Amino acid sequence: MASGVIPKLIVCFLVEALMHGVSGEDPYLYFTWNVTYCTISPLGVAQKVILINGEFPGPNINSTTNNNVVVNVYNHLDEPFLFTWSGIQQRKNSWEDGVPGTNCPIPPGTNFTYKYQVKDQIGSYIYYPSMGMHRAAGAFGGLRIHSRALIPVPYDEPADDYTVLIGDWYTKSHKELRGFLDSGRPLGRPDGVLINGKAGKVGVKQEPLFTMEPGKTYMYRVCNVGLKASLNFRIQGHKMKLVEMEGSHTIQNVYDSLDVHIGQCFTVLVTADQDPKDYYIVASTRFLKEVQTGIATISYTNGKGEASPELPPAPVGWAWSLNQFRTFRWNLTASAARPNPQGSYHYGAINITRTIRLVNSVSRANGKLRYGFNGVSHIDPTTPLKLAEYFNVGDKVFKYDVIKDEPENTTDLSVQPNVLNMTFRNFVEIIFENHEKSIQSYHIDGYSFFAVAVEPGTWSPQNRMNYNLLDAVSRHTIQVFPKSWAAILLTFDNAGMWNIRSERWERTYLGQQLYASILSPERSLRDEYNIPENALLCGIVKGLPKPPSYT
């Protein structure tokens, strides 16, 4: 590992400072992260991965609602780098979203400080690198947001709180994988599955990932940080009570296993009520021809005996996964990040003002594999879209609405920036339509949305009769099964430039993403923060004077 450049994690709490107009009573969390390469062997093959402060996966960010998070990132790589904070809504602050459409990348040998607030949120989230294929090399981690002490949660305090990062893994370097995609080749199947950066083997003694004391209940935050595969998660011999997903308390159903699609996070409670010994945590790929399985060990504190070599079986077929999705329900009586119950927002009573159908497209442009939406494969310009718009030079960088709300062409892909011009505070219906034989997973930055339906077939307006307009879970990532569609509802009330993307990262890299521009007519601090003083400028805006600040 690199030495001499990795200081200890610094966490400070301040109450006097102000940031982005946030009141001084909101605490600050300060972190210093050094991003470095290191050669390790997660699957038994030596490869170069990306570490944060010498850790793989990276450190957890442990925060509480309304905390201000300040992360000073030193880029010791040989390439530009960015972090994105998946699911963190960052109200009025797309400046810190950390994707190429909003931020200039951090050049090698330099640092940049992210500053954002986890405002009015609770739950389990992840962060990961958003440039190129860096996500295939690591630099991902968990991000917890706890409820404030005065806001009750609908379960007793657990004995401990564990983050479980599951994901498929490739033994080739991120540069090799990027080379495949740049040459027009797909990634192919992954080489294995990791649980918190390791891949255990049945019958091979390993240090326990977690320990549990008999009779006590523990919280497990399970997130899929992989590139390609949905994963089924289960704990040998134990039931899991689902209590939260992607920022929402849920009806507390009990499951033997959960399908966790790429980019998704589930929080479950597990009680140590079995014979005191070792047990396996299991994560296995779904919907791929060849199943890959990763395991880890949990131990009872007074346990005697190794885990059984007989692993609990995974479910078969995607219909099982669809039926499981239908059991997920919003807990209407639980408080959210504020004292008012989650069900106080009656989303089903709001009139839809715009419907956008996004049909995933796949084709070959100039002989190379590309993905997109509605016939457009997104490419990031050298000037980030948000900066171009803010500096009033957007017409030199991109055009708004190059795709239509109703797709006219989904096969012949054009390669260009793809930006939707959204009306501030409009209540919008988005349909993700998947005509392919593989499962998809889609995410929206800056927002939570209500996942009101996922169904097989082709969407039509008549399908609205079967939407869940009462207790659909508010979340930020949704899966779309083969030859199926998903419908979501949301209010575009968070001004900024926000990324809508596939979470299957080869698709994102090859253009299956776009941006939603939400401009407030007021152009005031009430709706959006000014550009940060430390913002990096690149492309055609480099050296330009900043426009007048909002007031």
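In what follows, the structure referred to is the one given above.
Now for a description of the structure that goes with this document. Note that the coordinates shown come from a computational prediction; the quantities given were computed from them, not determined experimentally. (Residues numbered from 1 in each chain as written. Predicted model: local features only at pLDDT ≥ 70, side-chain atom pairs only at ≥ 80, totals over all residues. Heavy atoms only, no water.)

**Details of the sheet that holds strand 7 (residues 123-129)**
Taken together, four strands build an open sheet; the order of strands is 3-8-7-5 and the sheet is mixed. With partners counted over all chains shown, the strands left at the sheet margins are strand 3 (61-64) and strand 5 (83-86), one partner each. The sheet shows a mean angle of 25 degrees between the axes of neighbouring strands, taken without regard to direction. Note that strand 7 and strand 8 (residues 141-146) share five bridges and pair antiparallel. Within strand 8, the residue paired with Gly123 across the bridge is Ile145. (Pairing = 2+ DSSP bridges. Helix = DSSP H or I, 4+ residues; strand = E, 2+ residues; numbered from the N terminus. Axes fitted to C-alpha atoms, helices over the stretch in contact; angles between N-to-C directions.)

**Brief notes about the environment of Tyr218**
For Tyr218, the location among the structural elements is in strand 12 (residues 217-224). For Tyr218, a relative accessible area of 5% translates into the label buried. With 60 residues separating them in the primary sequence, Tyr218 and Pro158 have C-alpha atoms 5.0 Å apart. A distance of 2.6 Å separates a polar atom in the side chain of Tyr218 from the backbone nitrogen of Glu213. (Buried < 20%, exposed > 50% of the residue type's maximum accessible area, 1.4 Å probe, protein only. Polar contact = N/O pair within 3.5 Å; in protein donor to acceptor, adjacent residues only side chain to side chain.)

**Let's talk about helix 2 (residues 318-326)**
Every buried residue of helix 2 is accounted for by Ser321, Leu322, Gln324 and Phe325. Each buried residue of helix 2 lies within a common arc of 160 degrees when the element is viewed along its axis, so the set occupies one face. Those residues of helix 2 that are buried lie in contact with strand 16 (254-255), strand 17 (257-260), strand 19 (278-286), strand 28 (449-456), strand 29 (474-475) and strand 30 (477-480). (Arc of directions from axis to C-beta. Contact = heavy atoms within 4.5 Å.)

**Here's the deal with helix 1 (residues 174-182)**
Among the residues of helix 1, those classed as buried are His174, Leu177, Arg178, Phe180 and Leu181. The buried residues of helix 1 occupy one face: seen down the axis, they fall within an arc of 155 degrees. At its buried positions, helix 1 is contacted by strand 1 (28-40) and helix 4 (505-509). Count one or two residues on from helix 1 and you reach Gly184, which has phi positive near 100 degrees.

**Considering the pairing of strand 12**
Burial analysis of strand 12 places seven of its eight residues in the buried class, the great majority of the element. The pairing of strand 9 (residues 161-169) with strand 12 spans six bridges and is parallel. By the bridge assignment, Ile166 is partnered in strand 12 with Asn224.

**Considerations on unusual backbone geometry**
Of note, the amide linkage connecting Phe56 to Pro57 takes the cis form, showing an omega dihedral of -5 degrees. Tracing the chain through its elements places Pro57 in the loop between strand 2 (47-52) and strand 3. Backbone geometry at Gln90 places phi at a positive 45 degrees, although glycine is not the residue there. One can find Gln90 in the loop between strand 5 and strand 6 (111-117). Notably, Asn374 is not glycine yet its phi reads approximately 50 degrees, a positive angle. With respect to the helices and strands, the residue Asn374 is situated in the loop between strand 22 (368-373) and strand 23 (376-377).

**Describing the pairing of strand 10 (residues 192-195)**
Burial of strand 10 is two-sided: the residues Gly192 and Leu194 facing one way and the residues Val193 and Ile195 facing the other way are all buried. Across four bridges, strand 9 lies against strand 10 in antiparallel orientation. Bridging from a neighbouring strand, Trp169 pairs with Gly192 of strand 10.

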